[in-house]
Amino acid sequence: MGESIVQKILSQHVADGSVVPGQEIGLVIDQCLTQDSTGTMAWLEFEVLDLERVQAPLVVSYNDHTSLAFKGESSDDHMFLQTSASHFGALYSKAGNGVCHQLQYERFAVPGKTLLGSDSHTPTCGSLAMMAIGAGGMDVAVAMGGGFFYMTVPKVIKVELTGRLPWGSSAKDVILHLLREISVKGGVGFILEYDGPGVETLSIPERATITNMGAETGATTSIFPSDEVTHDFMTAQGRGDQWKPLCADPDAVYDKVIHIDLSQMRPLVAMTGMPDNVKDMIEVAGTHLDQVYIGSCTNGSYRDLQIAAKLLKGRHVAPTLDCIVSPGSRQAEQMLLQDGSIETFIEAGVRVIEPGCNACIGIGFVPGNGHLSLRTVNRNWVGRGGTNKGYLALSSVETAVASAIAGCIADPSKLPQVSYEERPYVIDTLLFLEPEGPKVAIRRSPNIVAIKPQKPMGDRLTGRVLLKVADGISTDDILPAGPLTQHLRSNLPAIAQFVFHYQDPTFAKRAAEAGGGFIVGGENYGQGSSREHAALGPWQLGIKAVLARSFARIHCSNLVNAGILPLQCDTGDIDQEDELIIELSNLSPGKPMRVENRTKGRQMDATPILTKRQAEIVQSGGLLAYTRQRHG
Ligand code: F3S
């Protein structure tokens, strides 16, 4: 029986266990990435491991999320990141260089290799046939130190592409279409592997849009074959010698197959709330807009922005809205300067922002009260744009430009067709800093706070349910990003005060007064960003277990790594303020355990979502305590 791409890469990298779906394996990691939102904590965690330097062959520490340091604390974070990377042997990508995922696929992605990143959109590098997985900072810290990355082997969905995209439709519409088909939970427990004759019609930036936003389906990652398109892209980036072909065997067997005929794609828009709240253009055309934002790690490539400039040439942004463009990388920015696109943007009334994340997480360009912002980004949760009073919708670059011109959501296929023209890539690595080693002193401000020690869990958990929340709670709901908290990423005691800030602003105070307790959630608890602060914040406040109907993959691992027990159960019978007792003496992976609800005088079954190794981690108090115990 032949192998899929996924099976080929996993079997070449497995170091512990067997590549059998549902079983836990330890993988050798070739490359690691962190960014400034998660990176400060990852470096603080790396320090706890007490190693002299990083051990993974390539580690890149990016500064992209809060590159426009809006508070001094962020500049302090940047200096801590830069000096930590240099001290411990990692590359550092300075502010203004661009978004981690785009830079990683431009400069470093290699077919057949593994990448672990402390960002949920790390799968973007699957566009170059890389096994690229998002994880919490603690997992990345361990992998930076040369430790294996443990995960449960996912099943594989083959996404068979046929046909060619028609004018007006784009790769973004393909992934929005898939999200509508399978929902934000449809990829959970799976890897999406693309195949079929339609693959060769898609450029690397288009593939990157699809693998990037595959994260929104809950999939572990997404991956394309490495073919001539990959070869040409890597050669154009000056890295042709790193290319190798990689595709599935013709008789590879998959757990599921989804067919997508690219020629049938039409412009789509994900309206506010969830990335799978996808509507046909006919349903939403004419909806008033207050903002349009073009860029991000999903649609900030030179290819995308050249198309945007061509569509805007000789036209203007509607006077009723604001429009910004933020290139995904400095390479894209330099090429847009060379080809005159930046001039076109300015003439069209577009504001050009530096390469980076910034507005994508609400650092600037925050929508106003009741305003609707159309964005080419990947997430539209309430609160994602830096406020819970303004709303976000998601679309392709083509739809965003047509809408910016019209002042309302508009169909791009009605604009005259333009097409992308290849140009030589600008290769300028000025803002990547090589490490200098231990002679570099790590600079810490008072806002860089070491994390408290992880302590063993004990035999029994007792406490009250401090909060009960609905289905689909995202990590943005648990710990909001944006101007509220972005400057406190390296200060856990301070950022923990914002846990569930929009859900219940009294939560942190109540948790502190109660000395900790429990959280009860619904379906897909912890979906969205890989933000481990959404686990570390509750841990800092003394949360001992989260009981939910189901958990999102990365967040579930982050809970375990933080030493919080994830328990799956029917939460319908539990209310806020109920007092629970959970006996841990028979804690065993996948085996239901008794939870006593003292308030209701009942007992119920709850299943710990743990492997054997994770059960040991939780009992040790968390991944750092566990790793130190095992490796001295
Ligand atoms: Fe940055 Fe937004 Fe992507 S925060 S990493 S551009 S999802």
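Being a predicted model, the structure only gives us computed values, none of them experimental.

Rules and cut-offs
- Residues numbered from 1 in each chain as written.
- Predicted model: local features only at pLDDT ≥ 70, side-chain atom pairs only at ≥ 80, totals over all residues.
- Heavy atoms only, no water.
- Pairing = 2+ DSSP bridges.
- Helix = DSSP H or I, 4+ residues; strand = E, 2+ residues; numbered from the N terminus.
- Axes fitted to C-alpha atoms, helices over the stretch in contact; angles between N-to-C directions.
- Parallel < 35°, antiparallel > 145°, perpendicular 65-115°, else oblique.
- Contact = heavy atoms within 4.5 Å.
- Nonpolar A, V, L, I, M, F, W, Y, C, P; charged D, E, K, R; others polar.
- Domains from an automatic or database assignment.
- Buried area = accessible area lost by both parts, 1.4 Å probe.
- Salt bridge = Lys/Arg side-chain N within 4 Å of Asp/Glu carboxyl O.
- Phe/Tyr/Trp six-rings, centres within 6.5 Å; stacked < 30°, edge-to-face > 60°.
- Buried < 20%, exposed > 50% of the residue type's maximum accessible area, 1.4 Å probe, protein only.
- Lys NZ or Arg CZ within 6 Å of the ring centre and 35° of its normal.
- Near = heavy atom within 4 Å.

Draft legend 1. Representation of the sheet that holds strand β12 (residues 256-261) in the model. Across the sheet, four strands lie side by side as β11-β10-β9-β12; this open sheet has parallel pairing. Looking at strand neighbours, the two that pair on one side only are β11 (221-223) and β12, the edges of this open sheet. Shown here is a sheet whose adjacent strand axes are inclined to one another by a mean of 20°, direction ignored. With six bridges joining them, strand β9 (residues 155-162) and β12 adopt parallel strand pairing. Opposite I157, over in β12, you have K256 as the bridge partner.

Draft legend 2. Molecular detail of the packing of helix α12 (residues 330-338) against helix α13 (residues 341-348). Where α12 meets α13, the axes come as close as 5 Å, and the angle between the chain directions of the two elements is 80°. In terms of axis orientation, α12 runs roughly perpendicular to α13. Across the interface between the two elements, E333, L336 and L337 of α12 pack against S341, I342 and F345 of α13. Looking at side-chain class alone, the contact of α12 with α13 contains four nonpolar, one polar and one charged residues.

Draft legend 3. Expanded view of the domain arrangement of the protein. When cut into domains, the protein gives domain 1 (5-264), domain 2 (268-414) and domain 3 (460-481 + 491-622). If you look at the interface, domain 2 gives nine residues, while domain 3 gives ten residues. Where domain 2 abuts domain 3, roughly 700 Å² becomes buried across the two surfaces, and 52% of that area is made up of carbon and sulfur atoms. The largest per-residue losses of area from domain 2 upon contact with domain 3 belong to R379, W381 and N388, which jointly make up 49% of the total buried on that side. Across the domain 2-domain 3 interface, the total number found is one salt bridge. We note a salt bridge from D476 to R384, for which the minimum N-O separation is 3.5 Å. Residue classes in the side of domain 2 that touches domain 3 are distributed as four nonpolar, three polar and two charged.

Draft legend 4. Structural view of the packing of aromatic side chains. Enumeration over the complete set of coordinates arrives at twelve aromatic pairs. Both rings, one in W43 and one in F46, keep their centres 5.6 Å apart while their planes meet at 80°; by these two values the pair is edge-to-face. Here W43 and its partner F46 are both found in helix α2 (residues 36-48), three residues apart, which amounts to about one turn of the helix. Residue W43 is classed as buried on the basis of its relative accessible area, which comes to 0%. Given the relative accessible area of 0%, F46 is considered buried. An angle of 80° between the planes, with centres 6.1 Å apart, marks the rings of Y525 and F551 as edge-to-face. Taken together, the residues span a long stretch of sequence, with Y525 in the loop between β22 (517-520) and α18 (533-540) and F551 in the loop between β23 (543-548) and α19 (553-562) at a distance of 26 residues. With respect to class, Y525 is no different from F551; both count as buried. A network of ring pairs unites the aromatic residues W43, F46 and F88 as a single cluster. Cation over ring: K256 sits above F190, and NZ or CZ is 5.9 Å from the ring centre.

Draft legend 5. Spotlight on the pattern of salt bridges. Counting across every chain of the model gives 29 salt bridges. Between R531 and D476 there is a salt bridge, with the nearest N and O atoms lying 3.3 Å from each other. Residue R531 is found in the loop between β22 and α18, and its partner D476 is found in helix α15 (residues 475-478); the two are separated by 55 residues along the sequence. Each member of the pair, R531 as well as D476, is classed as buried. What emerges from the salt-bridge pattern is a single network uniting E206, R303, D304 and E398.

Draft legend 6. Local environment of the site of the ligand. Near the ligand you find H65, V99, H101, D119, H121, S296, C297, C357, C360, I361, N378 and R384, and these make up its full shell. Taken together, the residues of the shell around the ligand sort by class into five nonpolar, five polar and two charged. Here the shell around the ligand spans two domains, since at least three of its residues come from each of domain 1 (5-264) and domain 2 (268-414).

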